[in-house]
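# Analysis of the macromolecular model
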Amino acid sequence: MKRILITGAAGFLGSHLCDRFIKEGYYVIGMDNLITGDLKNLEHLFPNKNFEFHHHDVTNFVHVSGSLDYILHFASPASPIDYLKIPIQTLKVGSLGTHNLLGLARVKNARILIASTSEIYGDPLVHPQTEEYYGNVNTIGPRGVYDEAKRFQESITMAYHTFHGLETRIVRIFNTYGPRMRLNDGRVIPAFIGQALRGEDLTIFGDGSQTRSFCYVDDQVEGIYRLLLSDYVYPVNIGNPHEITIADFAEEIIKLTGTTQKVIYKPLPVNDPLQRQPDISKAKELLDWEPQVDRSEGMKITLEYFKSLTEDELYKSEHKDFSSYSD
Ligand code: UDP
């Protein structure tokens, strides 16, 4: 039985990856420090004899007993509000955490895939974004802590590949959505759906002309799965190229939820990328992968998930309190 370590296991993407690898017959070791992750996302796996969970912060030395075939490094705050609130932890998990996991991969002779992001392109001047584009990042802007941590993560991963011959994979993840997104993580999809369900106006940041391209989680997981098992070591974009403005997206949510609320406008956050759309030619060619779930279908499933939350969860809309966490 193949053994895989998944960091960030209690998060949105991490928990879906745990499910997928359990389904594929792997022994899955989930690891999370539970700052932004939630054990609720993994509860269903606890009775499974092929799953174990370690409550651990990967910025400290990581120990796993027994053999490991694969490591997926998905631990990181990943929503703009989260990494603005815990900037140092964000920098540490992308740098020190990645270093620890690369070291672990070496001693275990495991293949490691690291979760990079479309944020490494910053506020892109090239559209759509191909993997060859170097990006346009403000190192000292509020998003710099995430963007630069992820850029460093890519560099150190490539260095371990070229210097130590480690088997490495790098996925650049574009906006992804689906069940288990945290309602209060500040991202646009939970924000809009939460607002619609609570009967509040939808908050558009800026004039809403900025674009995003939203990928359904099952498609994202399929792309990551194929990349891990491929032999390609350079970064690969995984995302849905179907681009939409945030203003049009707000209208879609209003129709989907049937809310009678309106949109209101708030200031655009600093360095908020104006446009984002993945060029997925590489993933198509190398992995024979492209998204299968269109937005209307994916959003229906996602809405059902948010509707299934308790009143308490729905109204606990305050952003998560990180004050007890010290870097
Ligand atoms: N956004 C918005 N209203 C919200 C939350 C986000 O208009 O309540 C915008 C945000 O400014 C950005 C886009 O939606 O332009 C996507 O934001 P998100 O935080 O989901 O992710 P990003 O792609 O910026 O990392």
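Below you will find a few notes about this structure. Note that the structure is predicted; figures quoted are calculated from it, not measured.

## What to know about the overall build of the chain
A count of helices and strands for the chain gives 10 helices and 13 strands. Counting only C-alpha atoms, the chain reaches 55 × 45 × 40 Å along its principal axes. A burial count over the chain gives 56% of its 327 residues as buried. Sequence-distant contacts, at least 24 apart, represent 82% of the contacts inside the chain between residues at least 6 apart. Counting every atom, the chain has about 14,200 Å² of accessible surface; 52% of that belongs to carbon and sulfur. For the chain, the centre of its 33 positive side-chain charges and the centre of its 43 negative side-chain charges are spaced 3 Å apart.

## Observations concerning helix 4 (residues 144-164)
In this model helix 4 runs 29 Å from its N-terminal to its C-terminal C-alpha over 21 residues, within 8% of the 30 Å that 1.5 Å per residue would give. Restricting attention to buried positions, one finds in helix 4 the residues Gly144, Val145, Tyr146, Asp147, Ala149, Lys150, Gln153, Glu154, Ile156, Thr157, Met158 and Tyr160. Close packing links the buried residues of helix 4 with strand 4 (70-73), helix 2 (80-85), helix 3 (87-108), strand 5 (111-117) and strand 6 (168-173). Once helix 4 ends, the next one or two residues include Gly165, with phi positive near 70 degrees.

## Let's talk about the pattern of salt bridges
For side chains bearing opposite charge, pairing can occur when the charged atoms are close. The tally for this structure, following the rule as stated, stands at 20 salt bridges. Arg20 is the partner of Glu24 in a salt bridge, and the nearest nitrogen-oxygen pair spans 2.8 Å. The buried category is assigned to Arg20, whose relative accessible area is 14%. A salt bridge links Glu304 to Lys307; its shortest N-O distance comes to 3.9 Å. Here Lys307 and Glu304 lie together in helix 9 (residues 295-307), a separation of three residues that amounts to about one turn. We classify Lys307 as partly exposed; its relative accessible area is 48%.

## Remarks on the site of the ligand
Every one of the 18 residues lining the ligand counts as a neighbour, but Thr203, Phe205, Arg212, Asp272 and Arg276 are closest to it. Between the ligand and Arg143, the relevant distance is 2.9 Å, taken from an oxygen atom to a side-chain nitrogen or oxygen of the residue. At 2.9 Å, a side-chain N or O of Asn175 approaches an oxygen atom of the ligand. For the ligand, whose free accessible area comes to 520 Å², the fraction covered by protein is 96%. Among the elements of the structure, helix 5 (188-198) and strand 8 (202-205) are those that each provide at least two residues to the shell around the ligand. Broken down by class, the residue content of the shell around the ligand amounts to eight nonpolar, four polar and six charged.

## With respect to the nonpolar core
Side chains of a nonpolar character, in soluble globular proteins, are inclined to be buried together. With 59 residues, the main nonpolar core has Ile4, Phe21, Val28, Leu72 and Phe74 as its most contacted residues. Contacts of Val28, omitting those with residues within four sequence positions, involve Ile4, Ile6, Cys18, Phe21, Ile22, Asn50, Phe51 and Glu52. Formed by 24 residues, the second largest nonpolar core is a distinct cluster that contains Leu5, Ile71, Ile156 and Leu166.

## A short note on the environment of Phe214
The residue Phe214 is located in the loop between strand 9 (211-213) and strand 10 (215-216) in this model. By relative accessible area, Phe214 is classed as buried at 4%. For the pair formed by Phe214 and Asn240, sequence separation is 26 residues and the distance between their alpha carbons is 5.7 Å. When near neighbours in sequence (up to four residues on either side) are disregarded, Phe214 contacts Asn175, Tyr177, Val188, Ile189, Asn240, His242, Ile244, Ile246, Phe249 and Arg295.

## Some remarks on the side chain of Thr117
One can find Thr117 in strand 5. For Thr117, a relative accessible area of 5% corresponds to the buried category. A polar contact of 2.8 Å, which involves the side chain of Thr117, links it to the backbone nitrogen of Glu119. Aside from chain neighbours lying at most four places away, what touches Thr117 is Tyr146, Lys150, Val171, Arg172 and Ile173.

## Let's talk about the packing of aromatic side chains
What the rule picks out here adds up to 13 aromatic pairs. Each ring, one from Phe21 and one from Tyr225, has its centre 5.4 Å from the other, and the planes form 55 degrees; the classification is tilted. Taken together, the positions of Phe21 in helix 1 (residues 12-23) and Tyr225 in helix 6 (residues 217-229) put the pair 204 residues apart, joining distant regions of the chain. Across this residue pair, the class does not change: Phe21 and Tyr225 are buried. Ring geometry for Tyr121 and Phe174: centres 6.1 Å apart, planes at 40 degrees, overall tilted. You can see Tyr121 sitting in the loop between strand 5 and helix 4 and its partner Phe174 sitting in the loop between strand 6 and strand 7 (176-177), a full 53 residues away along the chain. Judged on exposure class, the residue Tyr121 and its partner Phe174 are both buried. Taken together, the aromatic side chains of Phe21, Tyr26, Tyr70 and Tyr225 make up a single cluster linked through ring pairs.

Here is what the cut-offs are and how they apply
- Residues numbered from 1 in each chain as written.
- Predicted model: local features only at pLDDT ≥ 70, side-chain atom pairs only at ≥ 80, totals over all residues.
- Heavy atoms only, no water.
- Helix = DSSP H or I, 4+ residues; strand = E, 2+ residues; numbered from the N terminus.
- Buried < 20%, exposed > 50% of the residue type's maximum accessible area, 1.4 Å probe, protein only.
- Contact = heavy atoms within 4.5 Å.
- Areas by Shrake-Rupley, 256 points an atom, 1.4 Å probe, with all protein chains shown as cover.
- Lys, Arg positive; Asp, Glu negative; His and termini not counted.
- Charge placed at Lys NZ, Arg CZ, Asp CG, Glu CD.
- Expected span 1.5 Å × (residues − 1).
- Salt bridge = Lys/Arg side-chain N within 4 Å of Asp/Glu carboxyl O.
- Near = heavy atom within 4 Å.
- Polar contact = N/O pair within 3.5 Å; in protein donor to acceptor, adjacent residues only side chain to side chain.
- Nonpolar A, V, L, I, M, F, W, Y, C, P; charged D, E, K, R; others polar.
- Core = buried A, V, L, I, M, F, W, Y, C linked by side-chain atoms within 4.5 Å.
- Phe/Tyr/Trp six-rings, centres within 6.5 Å; stacked < 30°, edge-to-face > 60°.

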